[in-house]
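Structural characterization, general
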Amino acid sequence: IAIWGGVERRYAAIKFFLYTFTGSMLTFAGVLYLAYAAYSLPANLGGVGRFTFDLDILYGLKIGTRAQWWLFLAFAAGFAVKVPVWPLHTWLPLAHTEAPTAGSVLLAGILLKLGTYGFLRFCLPLTPAASEYFAPMMIAISIASILYGGAVALGQSDIKKLIAYSSVGHMGFVTLGIFLFNLRGVEGALFQMLNHGVVTGGLFM
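Sequence order as written defines residue numbering, which begins from 1 separately in each chain. Selection of residues for local features in this predicted model requires a pLDDT of at least 70, selection of side-chain atom pairs for listing and counting requires 80 or more, and totals for whole chains, interfaces and linings are taken over all residues. Based on all heavy atoms of the structure, the side-chain values leave hydrogens and waters out of the count.

**Details of the packing of aromatic side chains**
Classification of ring pairs rests on two measures: the distance between centres of Phe, Tyr or Trp rings, Trp counted by its six-membered ring, which must be within 6.5 Å, and the angle between planes, read as stacked under 30 degrees, edge-to-face over 60 and tilted in between. The full count for this structure, using the stated rule, is 17 aromatic pairs. With centroids separated by 6.5 Å and ring planes inclined at 90°, the aromatic side chains of Tyr117 and Phe122 adopt a geometry described as edge-to-face. Type-normalised accessible area, obtained with a 1.4 Å probe on protein chains alone, sets the label of each residue: buried when under 20%, exposed when over 50%, and partly exposed for intermediate values. Overall, the relative accessible area of 23% leaves Phe122 in the partly exposed class. Their ring planes at 65° and their centres at 6.1 Å tell us that Phe179 and Phe181 sit as a pair that is edge-to-face. One aromatic cluster in this structure is built from Trp69, Phe72, Phe75, Phe79, Tyr117, Phe119, Phe122, Tyr133, Phe134, Phe179 and Phe181.

In structure tokens, the structure reads:
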């Protein structure tokens, strides 16, 4: 974006970097905590006496409810920025507008899906109690993303901004499906991730 982007490419690139870097550092802190938990927890709680990032081991850790809350928030900070959900979405329209076509396709087709993939692969299995506790909040944020993204997209005259704001709404459906905790919701979320990646990438091209 910063090299081959549009007129405001540097501002768009810096904003994009700051948002995603900040969220990712919080997520990384959560990952480090899990690696330490594998080392420090006793064997009856899934500890193995060593630092590890092996997901098979991390999935087996029995982490307390309060620690799960903090872990969920740390993971969600990074994933929510990448989705992006309202109100952490403001980097997306600018990045899409200023990015070259290839950049827009990569953003829409891959980066946005990393956020929802993270919720599915890490938040739900690693912090099940916290995921259930924060589900009403995530559902409310998802509905806000759907309504806000759709409403703002209606008023756009720039096609790239229109796709960007509609993406906020579309990805809101994905997070909504994930946090409904039922088979149809997860299947719909996965199907929408595939649909969105193919269709928006095609629209940008």
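**Focus on the nonpolar core**
Each nonpolar core is a collection of buried residues, namely Ala, Val, Leu, Ile, Met, Phe, Trp, Tyr and Cys, held together in the definition by side-chain atoms within 4.5 Å. By size, the foremost hydrophobic cluster in this structure holds 40 residues, and its most contacted members are Leu34, Phe72, Trp91, Phe119 and Phe179. By the criteria applied, helices consist of DSSP H or I runs no shorter than four residues and strands consist of E runs no shorter than two, each listed in order from the N terminus. Taken together, the elements giving at least two residues each to this core come down to α1 (9-40), α2 (55-59), α3 (65-82), α4 (91-98), α5 (101-126), α6 (128-154), α7 (159-178) and α8 (183-204). Residue contacts are counted whenever heavy atoms from the two residues lie within 4.5 Å of one another. Setting aside its immediate chain neighbours within four residues, Phe179 contacts Phe72, Phe119, Leu124, Ser131, Ala135, Met138 and Ile139.

**Brief notes about the environment of Leu190**
Looking at the element boundaries, Leu190 is found in helix α8. Through-space distance from the C-alpha of Leu190 to that of Val83 is 13 Å; in sequence the pair is 107 residues apart.

**Some remarks on the pattern of salt bridges**
Salt bridges are defined by distance alone: a side-chain nitrogen of Lys or Arg within 4 Å of a carboxyl oxygen of Asp or Glu. Using the criterion set out here, one finds one salt bridge in the structure. Residue Arg184 is joined to Glu187 by a salt bridge in which the shortest nitrogen-to-oxygen separation is 3.1 Å. Here the residue Arg184 and the residue Glu187 both occupy positions in helix α8, the gap between them amounting to three residues, near one helical turn. Taking relative accessible area as the criterion, Glu187 reaches 36% and is therefore assigned partly exposed.

**Here we look at the side chain of Ser142**
Tracing the backbone through its elements, the reader meets Ser142 in helix α6. Overall, Ser142 belongs to the buried group, its relative accessible area being 0%. Polar contact criterion, stated in full: a pair of N or O atoms within 3.5 Å, where within protein one must be able to donate a hydrogen and the other to accept it, and residues adjacent in sequence count only if both atoms are side-chain atoms. A distance of 2.7 Å separates the side chain of Ser142 from the backbone oxygen of Met138, its partner in a polar contact. Setting aside anything within four residues of it in sequence, one finds Ser142 in contact with Gly172, Thr175 and Leu176.

**Quick look at the environment of Ala43**
Locating Ala43 in the fold gives a position in the loop between α1 and α2. For the pair Ala43 and Leu61, spaced 18 residues apart in sequence, the C-alpha to C-alpha distance is 9.2 Å.

**Let's talk about the environment of Tyr33**
Tracing the chain through its elements places Tyr33 in helix α1. For Tyr33, a relative accessible area of 38% gives the class partly exposed. For Tyr33 and Arg66, which are 33 residues apart along the polypeptide, the C-alpha to C-alpha distance reads 13 Å. With sequence-adjacent residues up to four places away left out, Tyr33 is seen in contact with Ala67 and Leu71.

**Comments concerning α4**
With eight of its eight residues buried, α4 lies for the most part within the structure. The set of residues buried in α4 consists of Trp91, Leu92, Pro93, Leu94, Ala95, His96, Thr97 and Glu98. In this fold, the buried residues of α4 make contact with α1, α3, α5, α7 and α8.

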